[in-house]
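An overview of the molecular structure
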Amino acid sequence: MERLVLRNANVLDGEHPAVGGRTVVIDGDHITAVGEEGVAGVEAGDRVIDLGGRTVMPGMATCHFHSTYRDLGATQAPYGSEFPPAYMALLSHQNLMTALSWGYTTVVGAGAGQDVEPGVKQAIESGLVPGPRFVPSGRELSTTAHGNDVVPWYWDMPASGAVRICDGADGFRVGVREQVKRGAEVIKLFVTGGHGVLAPKDRIELTRDELAAAIDAAHEKDVLIRGHLVNKRAIMMAIELGIDIVDHCDDMDDEVIAALVATGTFVVPSIYFPKVFAKIFPDNDAALAHMYDVLPKAEAAGVLLLLGDDYGATMFPHGSYGGELHTYVEDASIAPLAVLRWATVNGARLVGRSDELGTIAPGKLADLLVVDGDPSADIAVLADCPPVAVIKGGEVVAGALH
Ligand SMILES: [Zn+2]
């Protein structure tokens, strides 16, 4: 098989500042060499591309993704019951392809309708359809009458398409195991209200015993577990009990930051959604100002921050991912290079594949982006248009290399 040689590249390896004039050599699905011109010689049959100073960076990971959302909230349908399962599977795949075209070669689910995500992953992995590397989620678990338990009782339906009701510690163990059996590799819990959920942010919807049982059951099955966590009391409890991902983390403060660093718990701040909706929900203004203030402290302290947000909600479509990059850099004052590290190194670490993904180095999988400009100097070149080329496992899967 011919090697792909990308020469005259500005390389952002995921961990260090950009270095110009580099050559990246790809053999099959792996990177075999990175260095100065001539690092690996040129062999007969090599496909050599002169990038003219364009940037090569690792493929990104988006780690709070609802693949079955489209115009969520625009209809009266209960959460996750907006479409039949087959339609939802096709929608899931379409949204994953949109993410891939914007440079997200890894996608981690945060809850989806009708248990369709594991089957979509299977279709990608078996070669039936193209797509990113995908960690599928399932229905979101929480207790009877929690904020997204919105099916009227007189419909005599147990739950909606994206929610599975569990009560009691044993109920949560069964719920987690059922999602694992259906193929979920990341379990999502609704732990509190707030941040887009109609219940008040200070409400905790699970008891400590229920939360502990869910986390324990997920880890026993070697899957990730994440929680919609907004108030400090719940955030601290979930960190102490060993949750893998804190979603939103609105009440982050010095004590929360210290706990996150001590335990290595991941956080998806997902503040682009409240920013877009600040005009409609005035409460969001104060919450956003707080996050803009606290996120640089979290970054400086070494919290494992990740990209991802609630795309697919009404007026917040899939494909508008670039607004998130602008928000962290321009509103929260995070250096572009740090945001790129969240998207690459941290994402790979979350999915347990740091040895294969997240940086550009010999031996790693060739999940790479070619970008027209240097996103560590100007995030807009990555945020405002799709990469020139998206390479997954050595193959160009979106855009083109000329
Ligand atoms: Zn979400």
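Let me sum up the structure you'll find in this document. All residue numbers here refer to positions counted from 1 along the written sequence of the relevant chain. The model is predicted, so local features are restricted to residues of pLDDT at least 70 and side-chain atom pairs to those at 80 or more, both for listing and for counting; the totals for chains, interfaces and linings are taken over all residues. Note: side-chain values were computed over all heavy atoms of the structure, leaving out hydrogens and water.

Relative accessibility thresholds used throughout: buried, under 20% of the residue-type maximum; exposed, over 50%; partly exposed, between the two (1.4 Å probe, protein chains only). Helix numbering and strand numbering both begin at the N terminus, where a helix is a DSSP run of H or I of at least 4 residues and a strand a DSSP run of E of at least 2. Along helix α9 (residues 322-331), 8 of the 10 residues are buried, which leaves the element largely enclosed by surrounding structure. Taken together, the buried positions of α9 are occupied by Gly322, Gly323, Glu324, Leu325, His326, Thr327, Tyr328 and Val329. Throughout, a contact is declared for two residues whenever any of their heavy atoms are within 4.5 Å. Packing partners of the buried residues in α9 comprise β7 (104-109), α7 (272-276), α8 (283-301), α10 (336-350) and α11 (380-383). Once α9 ends, the next one or two residues include Ser333, with phi positive near 60°.

What follows covers the packing of aromatic side chains. Pairing of aromatic rings covers Phe, Tyr and Trp, the last counted by its six-membered ring, and requires centre-to-centre distances within 6.5 Å; plane angles under 30 degrees mean stacked, over 60 mean edge-to-face, and any other angle means tilted. Evaluated as defined, the whole model comprises 14 aromatic pairs. Summarising the aromatic geometry, the rings of Phe65 and Tyr321 are spaced 6.3 Å apart at their centres and angled 40° between planes, so their arrangement reads as tilted. With Phe65 in strand β6 (residues 60-65) and Tyr321 in the loop between β15 (304-305) and α9, this pair connects stretches of sequence that are 256 residues apart. The class of Tyr321 is buried, set by a relative accessible area of 2%. Note on Tyr311 and Tyr321: the rings are 4.7 Å apart at their centroids and 85° apart in plane angle, and the pair reads as edge-to-face. Taken together, the residues Tyr311 in the loop between β15 and α9 and Tyr321 in the loop between β15 and α9 connect sequence positions 10 residues apart. Joined through ring pairs, the aromatic side chains of Phe65, Tyr104, Tyr272, Phe273, Phe277, Tyr311, Phe316 and Tyr321 make up one cluster. Geometrically, a lysine NZ or arginine CZ counts as sitting over a ring once it is within 6 Å of the ring centre and also within 35 degrees of the ring normal. In this structure, Lys188 packs its charged tip against the face of Phe190, placed 5.2 Å from the ring centre.

Put simply, the ideal angle at a metal is 109.5 degrees for four donors in tetrahedral geometry and 90 or 180 degrees for six donors in octahedral geometry. The zinc ion binds to the protein through His64 (NE2), His66 (NE2) and Asp310 (OD), with metal-donor distances spanning 1.9 to 2.1 Å. Mapped onto the sequence, the donors of the zinc ion take the spacing H-x1-H-x243-D. On the criterion of sequence distance, the pair formed by His66 in the loop between β6 and α1 (85-101) and Asp310 in the loop between β15 and α9 is long-range, its members being 244 residues apart. Looking at His66, the relative accessible area reads 1%, which means it is buried. For Na, K and Ca the donor cut-off is 3.2 Å; for every other metal, N, O and S atoms count as donors within 2.8 Å. Water does not enter the count, which can leave sites looking incomplete.

Before going further, it helps to examine the pairing of β7. The two faces of the sheet receive side chains in turn, since in a regular strand these alternate between them. Across the 6 residues that make up β7, a large majority, 6, are buried. Strands are labelled as partners when DSSP assigns at least two bridges between them. Here β6 runs beside β7; their pairing, made up of 4 bridges, is parallel. Bridge pairing links Thr62 to Val107 in β7. Taking the sense of rotation as the criterion, the β-α-β connection linking β6, α1 and β7 turns out right-handed. Bridge count between β7 and strand β8 (residues 133-135): 3 bridges; the pairing is parallel. Residue Val108 lies in a different strand from β8, and its bridge partner there is Val135. Convention used here: a crossover is right-handed provided that the path from the first strand, over the helix, to the second strand proceeds clockwise when the strands point away from the viewer.

To continue, consider the packing of helix α4 (residues 208-220) against helix α5 (residues 232-241). All axes here are fitted lines through C-alpha atoms, helices being fitted over the stretch that makes contact, and every angle between N-to-C directions spans 0 to 180 degrees. The interhelical angle for the contact between α4 and α5, taken along N-to-C directions, is 40°, at an axis separation of 10 Å. By the criterion of interaxial angle, the relationship of α4 to α5 is oblique. Considering only the axes of α4 and α5, their crossing is right-handed. Residues Arg208, Leu211, Ala212 and Ile215 of α4 form the contact with α5, whose participating residues are Met237, Ala238, Glu240 and Leu241. Tallied by class, the residues present in the contact of α4 with α5 amount to 6 nonpolar, no polar and 2 charged. Throughout, the term roughly parallel applies to angles under 35 degrees, roughly antiparallel to angles over 145, roughly perpendicular to angles from 65 to 115, and oblique to all others. In this scheme the handedness of a crossing depends on how the near helix is turned from the far one: anticlockwise by less than a right angle means left-handed, clockwise means right-handed. Charged means Asp, Glu, Lys or Arg here, nonpolar means Ala, Val, Leu, Ile, Met, Phe, Trp, Tyr, Cys or Pro, and polar covers whatever is left, Gly included.

Glancing now at the sheet that holds β6. In a beta sheet, neighbouring strands are held together by backbone hydrogen bonds and run either parallel or antiparallel to one another. Pairing is parallel across the open sheet formed by 3 strands, whose spatial order is β6-β7-β8. Of all strands in the sheet, those bounded by a partner on one side alone are β6 and β8. Across the sheet, the axes of successive neighbouring strands diverge by a mean angle of 15°, strand direction being ignored.

Between its first and last C-alpha atoms α10 spans 20 Å; for 15 residues at 1.5 Å apiece the expected length is 21 Å, and the two agree. To obtain the bend at a residue, axes are fitted to the seven residues ending there and to the seven starting there, and the angle between these axes is taken. At Trp342, α10 is deflected by roughly 35°, the largest bend along its length. Burial runs high along α10: 12 of the 15 residues are buried. Gly352, located one to two residues past α10, shows a positive phi value of around 70°. Expected span of a helix: the number of residues minus one, times 1.5 Å.

Before going further, it helps to examine the side chain of Thr143. With respect to the element layout, Thr143 can be found in the loop between β9 (140-142) and β10 (163-165). According to the relative accessible area criterion, Thr143 is buried, its value standing at 7%. In this structure the side chain of Thr143 is engaged in a polar contact, spanning 2.5 Å, whose partner is the backbone oxygen of Glu205. Each residue touching Thr143, except ones within four places of it in the same chain, is listed here: Asp149, Ile165, Cys166, Asp167, Phe172, Glu205 and Glu210. We call two N or O atoms a polar contact when they sit within 3.5 Å, provided that within protein one can donate a hydrogen and the other can accept it, with sequence-adjacent residues counted only if both atoms are side-chain atoms.

Counting 79 residues, the largest nonpolar core has Ile187, Leu189, Val246, Met252, Leu260 and Leu295 as the members making the most contacts within it. Ignoring anything within four residues of it in the chain, the contact list for Val246 reads Gly227, Leu229, Ile235, Ile239, Leu260, Thr265, Phe266, Val267 and Val268. Leu4, Ile26, Ile31 and Leu368 belong to the second-largest nonpolar core, a separate cluster that totals 17 residues. What is meant by a nonpolar core is a set of buried Ala, Val, Leu, Ile, Met, Phe, Trp, Tyr and Cys residues, joined one to another through side-chain atoms within 4.5 Å.

By the secondary structure assignment, Ala366 is in the loop between α10 and β16 (368-371). Along the backbone, Ala366 and Pro58 are 308 residues apart, and their C-alpha atoms lie at a distance of 8.1 Å. In this view, Ala366 contacts Ile26, Asp29, His30, Ile31, Ile391, Lys392, Gly393 and Gly394; residues no more than four positions away in its chain are not counted.

Our next topic: the state of the cysteines. Two cysteine sulfur atoms make up a disulfide if the distance between them is within 2.5 Å. Across all of its chains, the model carries 0 disulfides by this definition. The thiol sulfur of Cys63 is not disulfide-bonded, and the nearest other cysteine sulfur, from Cys249, lies at 15 Å. With relative accessibility at 0%, the residue Cys63 sits in the buried group.

Throughout this description, the term salt bridge denotes a Lys or Arg side-chain nitrogen within 4 Å of a carboxyl oxygen of Asp or Glu. Within the structure shown, the criterion is met by 23 salt bridges. A salt bridge links Glu299 to Arg341; its shortest N-O distance comes to 2.8 Å. Highlighted residues: Glu299 in helix α8 and Arg341 in helix α10, separated in sequence by 42 residues. Assessed through its relative accessible area of 16%, Glu299 is described here as buried. Overlapping salt bridges bring together Arg3, Glu43 and Asp46 as one network.

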